[in-house]
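Commentary on secondary and tertiary structure
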Amino acid sequence: MEIYLDANATTPVLPQAREAALAVMAEDFGNPSSVHSTGLKARALVDSVRARARRVLGADTGRLLFLSGATEGIQTAVLSALSALRERLAQPQAPELLLYGATEHKAVPEALRHWNALLGLDLQVLAIPVGRDGRHDLGWLREHAPRAGLVCTMAANNETGVISDLDGIEAALAGSAALWMVDGVQALGKLPLRLAGRRIDYAPFSGHKLYAPKGVGLLYVREAAPFTPLLAGGGQEGALRSGTENMSGIAALGAVLAALEDGQTFRDAATLAAYRRDLAEALHQAFPGLVFNAPPDLCLPTTLNFSVPGLSSKLLLDLFDAAELRVSGGSACSAAKAAPSYVLEAMGLPAWQTASAVRLSFGPVADRAFIDEACARIRVCGESLRASCLAPQTTGEAAPADGVTRFVVEGACCYLLADAASRRAVVIDPLPELTGRIAQWLGCQGYALAAVLDTHSHGDHASSAPELLKALAQDPGEVDGLGWPLGREAIALGALKLTRLAVPGHTRDSTAYLLHDAQGLRLAFVGDTVMPGALGRSDFEQSAPLDYGASLRRLAEAVGPQTLLLPGHDYEDRFASTLAVECAVQPLLADVLGGRLDDEAFASAKAVLERDLALTRYQTVACGARVDGGGECTSSQISPAELRQLLGEPAAVVLVDVREPYEQRLGQVPELGARVQREAVALSGLPNAMGRWLSLPAETMVVFFCRSGNRSAQAARALRRLGHERASSLTGGLALWPRQSAASDAAFAI
Ligand code: PLP
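Residues numbered from 1 in each chain as written. Predicted model: local features only at pLDDT ≥ 70, side-chain atom pairs only at ≥ 80, totals over all residues. Heavy atoms only, no water.

Regarding the overall build of the chain
- Secondary structure summary: the chain contains 22 helices and 30 strands in total.
- Burial statistics for the chain: of 750 residues in total, 56% are counted as buried.
- Within the chain, contacts between residues at least 6 apart in sequence are counted, and of these 70% link residues at least 24 apart.
- Taken as two groups, the 67 positive and 81 negative side-chain charges of the chain have centres that lie 3 Å from each other. (Helix = DSSP H or I, 4+ residues; strand = E, 2+ residues; numbered from the N terminus. Buried < 20%, exposed > 50% of the residue type's maximum accessible area, 1.4 Å probe, protein only. Contact = heavy atoms within 4.5 Å. Lys, Arg positive; Asp, Glu negative; His and termini not counted. Charge placed at Lys NZ, Arg CZ, Asp CG, Glu CD.)

Considering the confidence of the model for the chain
- On average, residues of the chain carry a pLDDT of 92, and 94% of them reach 70 or more.
- Throughout residues 741-750 the model reports pLDDT below 50, and contacts reaching past four residues in sequence, or to other chains, amount to 22 contacts. (pLDDT = per-residue confidence, 0-100.)

Quick word on the packing of helix 1 (residues 15-26) against helix 7 (residues 247-262)
- Between helix 1 and helix 7, whose axes approach to 8 Å, the crossing angle comes to 150 degrees. Judged by the twist between their axes, the crossing of helix 1 over helix 7 is right-handed. When helix 1 is examined against helix 7, the residues Gln 16, Ala 17, Ala 20, Ala 21, Val 24 and Met 25 are found in contact with a partner set consisting of Met 247, Ser 248, Ala 251, Ala 252, Ala 255, Val 256 and Ala 259.
- Of the residues in the contact of helix 1 with helix 7, the class split is 11 nonpolar, 2 polar and no charged. (Axes fitted to C-alpha atoms, helices over the stretch in contact; angles between N-to-C directions. Left-handed = near helix turned anticlockwise from the far one by under 90°. Nonpolar A, V, L, I, M, F, W, Y, C, P; charged D, E, K, R; others polar.)

Examining the site of the ligand
- Taken together, Gly 69, Ala 70, Thr 71, His 105, Met 154, Asn 158, Asp 183, Val 185, Gln 186, Ser 206, His 208 and Lys 209 are the residues near the ligand.
- Ser 206 has a polar side-chain atom sitting 2.6 Å from an oxygen atom of the ligand.
- In this structure, an oxygen atom belonging to the ligand sits 2.5 Å away from a side-chain N or O atom of Lys 209.
- When the ligand is considered free in solution it has 400 Å² of accessible area, and contact with the protein chains removes 86% of it.
- Each residue belonging to the shell around the ligand can be placed in one class, and the counts come to 3 nonpolar, 7 polar and 2 charged. (Near = heavy atom within 4 Å. Polar contact = N/O pair within 3.5 Å; in protein donor to acceptor, adjacent residues only side chain to side chain. Areas by Shrake-Rupley, 256 points an atom, 1.4 Å probe, with all protein chains shown as cover.)

With respect to the pattern of salt bridges
- For the structure shown, the criterion picks out 34 salt bridges.
- Ionic pairing is found between Arg 553 and Asp 599, a salt bridge with its closest N-O pair at 3.0 Å. Remark: Asp 599 occurs in helix 18 (residues 599-609) and Arg 553 occurs in helix 15 (residues 545-559); sequence separation between them is 46 residues.
- By relative accessible area, Arg 553 is classed as partly exposed at 32%. (Salt bridge = Lys/Arg side-chain N within 4 Å of Asp/Glu carboxyl O.)

Things to note about helix 15
- Across its 15 residues, helix 15 extends 21 Å between first and last C-alpha, which sits within 8% of the 21 Å expected from 1.5 Å per residue.
- All buried positions along helix 15 are accounted for by Tyr 548, Gly 549, Ser 551, Leu 552, Leu 555 and Val 559.
- Phi turns positive, to about 70 degrees, at Gly 560, one or two residues after helix 15. (Expected span 1.5 Å × (residues − 1).)

Notes on unusual backbone geometry
- Positive phi values are uncommon outside glycine, yet Glu 324 reaches one of about 60 degrees.
- Look at Glu 324 and you get buried, because its relative accessible area is 11%.

Let's talk about the pairing of strand 19 (residues 496-502)
- In the sheet, strand 18 (residues 491-493) pairs with strand 19 via 3 bridges, with the strands oriented antiparallel. Within strand 19, the position partnered with Leu 493 by the bridge is Leu 496.
- Remark: 2 residues form the turn of the hairpin made by strand 18 and strand 19, two consecutive strands paired antiparallel; Gly 494 in that turn has positive phi of roughly 60 degrees.
- Relative to strand 20 (residues 511-517), strand 19 is paired through 6 bridges, and the arrangement is antiparallel. Opposite Leu 498, over in strand 20, you have Leu 515 as the bridge partner. (Pairing = 2+ DSSP bridges.)

Some thoughts on the packing of aromatic side chains
- Tallying each qualifying case throughout the model produces 9 aromatic pairs.
- Taken together, a centroid distance of 5.8 Å and an interplanar angle of 10 degrees make the contact between Trp 484 and Tyr 513 stacked. Here Tyr 513 lies in strand 20 and Trp 484 lies in the loop between helix 14 (465-471) and strand 18, a separation of 29 residues in the sequence. This pair shows no difference in class: Trp 484 is buried, exactly as Tyr 513 is.
- Taking the ring centre of Phe 575 as reference, the NZ or CZ of Arg 406 above it sits at 4.0 Å. (Phe/Tyr/Trp six-rings, centres within 6.5 Å; stacked < 30°, edge-to-face > 60°. Lys NZ or Arg CZ within 6 Å of the ring centre and 35° of its normal.)

Notes on the state of the cysteines
- If you walk through the whole model with that rule in mind, you get 1 disulfide.
- A sulfur-sulfur distance of 1.9 Å marks the disulfide that ties Cys 389 to Cys 444. Measuring the twist about the S-S bond at about -70 degrees, one finds the Cys 389-Cys 444 disulfide to be left-handed. Here the residue Cys 389 occupies a position in the loop between helix 12 (368-387) and strand 14 (403-409), and Cys 444 occupies one in helix 13 (residues 435-445), the gap between them amounting to 55 residues.
- Judged by relative accessible area, which is 3%, Cys 444 ranks as buried.
- Its sulfur unpaired, Cys 413 is 8.9 Å from the next cysteine sulfur, which belongs to Cys 414.
- The class for Cys 413 is buried, based on a relative accessible area of 2%.
- Residue classification places Cys 414 among the buried residues on the basis of a relative accessible area of 0%. (Disulfide = S-S within 2.5 Å.)

Concerning the domain arrangement of the chain
- Taken domain by domain, the chain holds domain 1 (66-241), domain 2 (451-626) and domain 3 (636-736).
- Taking the mean C-alpha position of each, domain 1 and domain 3 sit 49 Å from one another. (Domains from an automatic or database assignment.)

A short note on the packing of helix 3 (residues 70-88) against helix 4 (residues 107-118)
- Here helix 3 crosses helix 4 at 40 degrees, and the two axes come no closer than 9 Å. Considering their axes alone, helix 3 and helix 4 lie oblique with respect to each other. Once helix 3 is placed against helix 4, the crossing between them reads as right-handed. From helix 3, Thr 71, Ile 74, Gln 75, Val 78, Leu 79 and Leu 82 reach across to helix 4, where they touch Ala 107, Val 108, Ala 111, Leu 112, Trp 115 and Asn 116.
- The class makeup of the residues in the contact of helix 3 with helix 4 is 9 nonpolar, 3 polar and no charged. (Parallel < 35°, antiparallel > 145°, perpendicular 65-115°, else oblique.)

Observations concerning the sheet that holds strand 17 (residues 448-453)
- Judged by pairing direction, the sheet is mixed, and its 4 strands sit side by side in the order 14-15-16-17 without closing on themselves. Both edges of this open sheet fall to strand 14 and strand 17, since each of them pairs with a single strand only. The sheet shows a mean angle of 15 degrees between the axes of neighbouring strands, taken without regard to direction.
- Inspection of the sheet shows strand 16 (residues 424-428) paired to strand 17 by 5 bridges, in the parallel sense. Directly across from Arg 424, in strand 17, lies its bridge partner Ala 448.
- Strands in contact with helix 13 are strand 14, strand 15 (412-419), strand 16 and strand 17; relative to strand 15, the strand with the most contacts, it is inclined by about 5 degrees.

Brief notes about the side chain of Glu 72
- Residue position: Glu 72 is located in helix 3.
- The residues contacting Glu 72, other than those within four sequence positions of it, are Leu 67, Leu 230, Leu 231 and Arg 241.

Some words on the sheet that holds strand 19
- With mixed pairing, 5 strands are arranged side by side in an open sheet as 18-19-20-21-24. For this open sheet the edge positions go to strand 18 and strand 24 (564-567), each flanked by a neighbour on one side alone. When the angles between neighbouring strand axes are averaged without regard to direction, this sheet yields 25 degrees.
- Helix 21 (residues 686-694) rests against strand 21 (520-527) and strand 24 of the sheet, and its axis sits at about 150 degrees to strand 24.

Comments concerning the side chain of Ser 83
- Take Ser 83: it is sitting in helix 3.
- For Ser 83, a relative accessible area of 15% gives the class buried.
- For Ser 83, the side chain forms a polar contact with the main-chain oxygen of Leu 79, separated by 2.7 Å.
- Discounting residues that sit within four places of it in the chain, Ser 83 has contacts with Leu 119 and Thr 228.

Below is the structure:
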């Protein structure tokens, strides 16, 4: 059963609201503008829901109109206010500013900018700063209010749950002629608003944040506040908002408002606060070191926003999702980079907190059983992290790790090479962002660090080898500038052996590390010497461009065309490459290895490529000149239905779960019958298995799956690029995989 803890995003529809909506669709389907009996019944329904809304919102005076949701309510309020302000522009003491809280939902500043430009007001749009507690800076507001035409301050924040001090804001507005909009979306049903008792001019609300369906909302407009309709037409809603009313939405909203009035359906504030305490305690137990990003006593009892040192919000979301707990990242993630939360940034929280926040929110119909189940699953998530050595302050519960683990930070790769038999590990190209995580992991696994190596002195970051060794209280002994133990031919890790090969070019000290096992050369860590689709640039001060060609020939001699090469940078998620693949896409490489270019000609052709290198998509210095465009690599998708059909055919299929071990431990796997060969190879461990998959017969289908289809698509693309054409990704991942039982009613209590 799914435990849905993302109520601030949206909620399911309350059973009585569903019934009310269905009744309106099936039976009382009249148009409230019709004058016959069917229409009159519809009109009576609209009137009764409006009357209820007035009671619930404390809005016995003023206008209260139904519309499609809060975004429309915000547009209508802003258009109304700005149209009126336009009339005042020529007058003395005309307004100069439009103010909004820095943590406001994006709909507010965007609407202000949009209508300000469209109506030609050209007023200055300014964010009201908030303090560390997320509340508006009232001193700042008091100072600016006299010059403001409109002030927008939400009643409660959707990311943090921080409740605004509406009385304080009202006092700060004293003496100002500014109009005041209060976004009441997150407050509906959770805070008493007393709209008409305050000087609030506009207050938008949204049905789907409180158990009504999407597409219905409310806008309160104070009696004397200016109003301009956003939609003109048939004159519905007293000509304030034309368009035939969303009757099923209004009926459902009416049922929710009735539930708010009955005093039975929704929990009271003390009960909700007790639920939050339980959830907070479970979170603390599961994730030692966790911090809450807003003071609980100033927040809605239904919202918790937290960050865990060393754990990204992406990792936590994947983990929670595997436990069938739906939560939300406090920050929006783009494909390239997790964007920090602007709300937490406005509160002045440190960068690690703004970039790794998670929001957990429930609705006021939650009950004890639901909260207990949520707490139990949170604890299970913590156990899974401990079992993967990812939670702080743990030791030795995890199965010993073996092989290569790859970490990527903004395109830069770091590798951890571990040997379970000898309990020894080597870190290659350590990154400062990973020091804590790797140190924690090695300590927990009880592995000794045999060496911390760099493939070259990096241009874009300093090596964090000293920090890592310090964190592990380990003395590296006598080593050279890249961490290699002086006088040693090889570093042994049980049956594994690392040797090195000097490949000057990208830098004078560039070095490749070759990994050998009992069967021979297994793979090579080649730094930036050869990257997927690029050769390392050699126009740095520390580069040796004239040595590059000879280094590539030496590398080719040592590794041959098919050995997997693990790069120092991987901007396009290609994981690994081979010289054969790179020669096919990089003519310069093919020419220098094929003897068609001498070292000098190679260096000058390369210099031409590097003349105008743009920054990478992470806005960092590009470490090489891309020659294959980067984006053309296709990944074939396979739908759940196609996969089932494929399994019915006499085809060889390998199904690979690329989720990380802490998710695999918790999560569901598709039920596909005994015939299918199944593997679990986490995306971070993909290089361990790529060589094996590449040696499968060409007709064997390798199907990757994960939670949402993103990581599996990366894996499929990478394998296809290396030459195994029949590699696919399960569309939509486990999120779209048909469930055995859809216990939707059981999961209702949120
Ligand atoms: N305001 C706040 C505080 C919200 O949380 C949201 C929805 O996320 C909105 C406005 C927009 O609401 P709607 O989805 O009804 O347009």
